[in-house]
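Commentary on secondary and tertiary structure
Below, each chain spelled out in residue letters.
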Amino acid sequence: MTDPLDAVLAYHQRTKHHLHRYATGPGGLDWASQPDPFRQFAGSPPLELPLLADGAHPRYVDLYRPGWIAPQALTLTTIAALLELAFGISAWKRYGDSRWALRCNPSSGNLHPTEAYVVVAGIADIDDGVRHYVSRDHRLEQRCRFDSAPGERLLPPDSFLVGITSIHWREAWKYGERAYRYCQHDAGHAIATVRYAAATLGWRARLLSSVSDADISALLGLDRDADFDAAEREHPDALLLVTAREPAAADGAFEVDACVRAARNSQWQGQANPLSPRHGHDWPVIDEVALACTKPRTQEIIWQAPTLPEPLGNDCGQSAIEIIKQRRSAQAFDGATSISAHKFYRMLDMTLPRPATPPWDAIGWEPRVHLALFVHRVESLAPGLYLFLRNGHVETALRAELPAEFEWQRVQDCPAHLRLYRLAAGDARAAARTLSCHQDIAADGAFSLGMLAEYEASLTHGPWIYRQLFWETGVLGQVLYLEAEAAGVRGTGIGCYFDDAVHELLGLKDRAFQSLYHFTTGGALTDSRLQTLPAYAHLKRS
Ligand SMILES: Cc1cc2nc3c(=O)[nH]c(=O)nc-3n(C[C@H](O)[C@H](O)[C@H](O)COP(=O)(O)O)c2cc1C
């Protein structure tokens, strides 16, 4: 049997796109086997959720002020609000006879491999148990009702769990072997959308980093073979503890064992729907890397984010809900809009963890991913290649790795706590376009970037860290998406890039650092041929 770490390293290597050859994919789209974007469990009792009500909602900028938004009570209505803002439909798009949903969480190719669950206990208007969320219908399906002993405490007070899973097939249908990476990106985006949604309610949310994949599978019923039968399986990603109050010291010691026991001892209902009538291709390497990345139980990660200066100001007066719902990926940029240096610094600033501040307090580890920036149109900044370091100690390693001719010039006027360096001045548009699979969006915005992970050293702590690295890039992507909206511009995640060509441009020779995700930001062009339709007009529900 191959060593799991070797399997992960080999997967990453073979799923790189190269200038002369793309990673192995299906070679064309088999529309007859296009996966259903909505999972449902037939026979699971449905619970229709209320939609967000109009009214006064917190401002986007206030999400970043710890303790500013008073926690709302934990009820079915507020859980519904969290689900709508984290995973719900944000609009439908129509072009000719085609119609497709957009969601608050973005997804590579809009394929949405991520499924969401809630685990509740002790909340007045909802039975204890496990429920699956169907975003199209904004409803929960009861998979399991806990038959736990009366008085048994399953969860800390005023809290519940959100579970995230991936159906790899949804991405593999279009992208083949590289799809596992995209599922992890999307899971990272979803972790961030949960944390941001919680923040709008004055709540906290944090990833439970000690739980094993086996725990998640048992708790969410993913290991129930009969319930899936011919349907595509779901892979366990993450469990988040959502707390509708300031977390107490005891929350840190919370373990899922009682919930897992309750799930195992309870009755389950529902049969998963097959998403495709057939699979034209199998991608065994995805199953192999998923197996190699299986996470055992581990110690809970405890890392304290440093106290930094207040986040740089932003004059966005919009509510958090508006920003979350209006978030879209730009399909094209105007090649003209520039942004101020202040807005640029603010975006970088928001990629830094601060105590009790979303979304970074959801993942409890020190940043391991840095930004290699292609600056095109940022006022008072020379165009060129820049580096933004998200922790203090990586600089020595990077200086040793990168070619001696890089300038390493600290950017003047940039706030001192932002480690921003110019490596080389010059027009970086052609390079950015080429490196991001020849996509114009990487060149026509104000700036684009590659996310440079501390790769090899991180993986020595366990092969499953591979997933966490991608999750971190997904959280970064979500920060940039929302910050772009708040700055009056737009962003787009870029999963298609030529891995080693990026490393060559930066002069990286070995696997110490790897670029794991790209992103671009700028003035978006809208496609007037597309019609936008409201998210939930079809439900006729208030
Ligand atoms: C991980 C990831 C990778 C993506 N890669 C690309 C890309 O390479 N090129 C592109 O044009 N859009 C890319 N996108 C944008 C998606 O196509 C977009 O999120 C999806 O169509 C849903 O639209 P929305 O973001 O407006 O909700 C990516 C998005 C994510 C989350």
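Before reading on, note that the structure itself is shown above.
Throughout what follows, the structure given in this document is the object of discussion. (Residues numbered from 1 in each chain as written. Predicted model: local features only at pLDDT ≥ 70, side-chain atom pairs only at ≥ 80, totals over all residues. Heavy atoms only, no water.)

Counting buried residues in strand β5 (residues 114-120) gives 7 out of 7 residues, a clear majority hidden from the surface. Alternating positions in β5 separate into two faces, Thr114, Ala116, Val118 and Val120 on one and Glu115, Tyr117 and Val119 on the other, with burial throughout. In the sheet, β5 pairs with strand β8 (residues 159-166) via 6 bridges, with the strands oriented antiparallel. Of the residues in β8, the one forming a bridge with Tyr117 is Gly163. (Buried < 20%, exposed > 50% of the residue type's maximum accessible area, 1.4 Å probe, protein only. Helix = DSSP H or I, 4+ residues; strand = E, 2+ residues; numbered from the N terminus. Pairing = 2+ DSSP bridges.)

Right, let's get into the pattern of salt bridges. By the definition in use, this model includes 38 salt bridges. One salt bridge connects Glu234 with Arg39, and the closest N-O pair in it is separated by 3.1 Å. With Glu234 in the loop between α6 (225-228) and β10 (235-243) and Arg39 in the loop between α1 (4-14) and β1 (41-42), this residue pair connects regions lying 195 residues apart in the sequence. Given a relative accessible area of 5%, Glu234 falls into the buried group. A salt bridge links Arg433 to Asp440, with the nearest nitrogen and oxygen atoms 2.9 Å apart. (Salt bridge = Lys/Arg side-chain N within 4 Å of Asp/Glu carboxyl O.)

All right, on to the state of the cysteines then. Overall, the coordinates contain 1 disulfide when judged by the stated rule. Cys259 forms no disulfide, and the closest cysteine sulfur to it belongs to Cys144, at a distance of 10 Å. In this structure Cys259 comes out as buried when scored by relative accessible area, which is 0%. No disulfide involves Cys316; its nearest neighbouring cysteine sulfur is the one of Cys104, lying 16 Å away. (Disulfide = S-S within 2.5 Å.)

Backbone hydrogen bonds hold the strands of a sheet together, and the pairing may be parallel or antiparallel. Reading across the sheet, the 3 strands line up as β4-β3-β20 and stay open at both edges, with antiparallel pairing between neighbours. Each edge of the open sheet carries a strand with a single partner, namely β4 (98-103) and β20 (531-533). For this sheet the average axis-to-axis angle between neighbouring strands, irrespective of direction, equals 30°. Pairing geometry for strand β3 (residues 89-95) and β4, over 6 bridges, is antiparallel. (Axes fitted to C-alpha atoms, helices over the stretch in contact; angles between N-to-C directions.)

A few words now on the site of the ligand. The local shell around the ligand holds 22 residues, among which Arg327, Ser329, Gln439, Gly493 and Gly495 are the closest. Between the ligand and the protein, one listed contact pairs a nitrogen atom with a side-chain N or O atom of Gln439 at 2.8 Å. Backbone polar atom of Gly493 to a nitrogen atom of the ligand: 3.0 Å apart, as the coordinates give it. For the ligand, whose unbound accessible area comes to 620 Å², protein coverage reaches 85%. For the shell around the ligand, the secondary structure elements donating two or more residues are β4, α4 (179-200) and β18 (490-494). Classifying every residue of the shell around the ligand by side-chain character gives 7 nonpolar, 11 polar and 4 charged. (Near = heavy atom within 4 Å. Polar contact = N/O pair within 3.5 Å; in protein donor to acceptor, adjacent residues only side chain to side chain. Areas by Shrake-Rupley, 256 points an atom, 1.4 Å probe, with all protein chains shown as cover. Nonpolar A, V, L, I, M, F, W, Y, C, P; charged D, E, K, R; others polar.)

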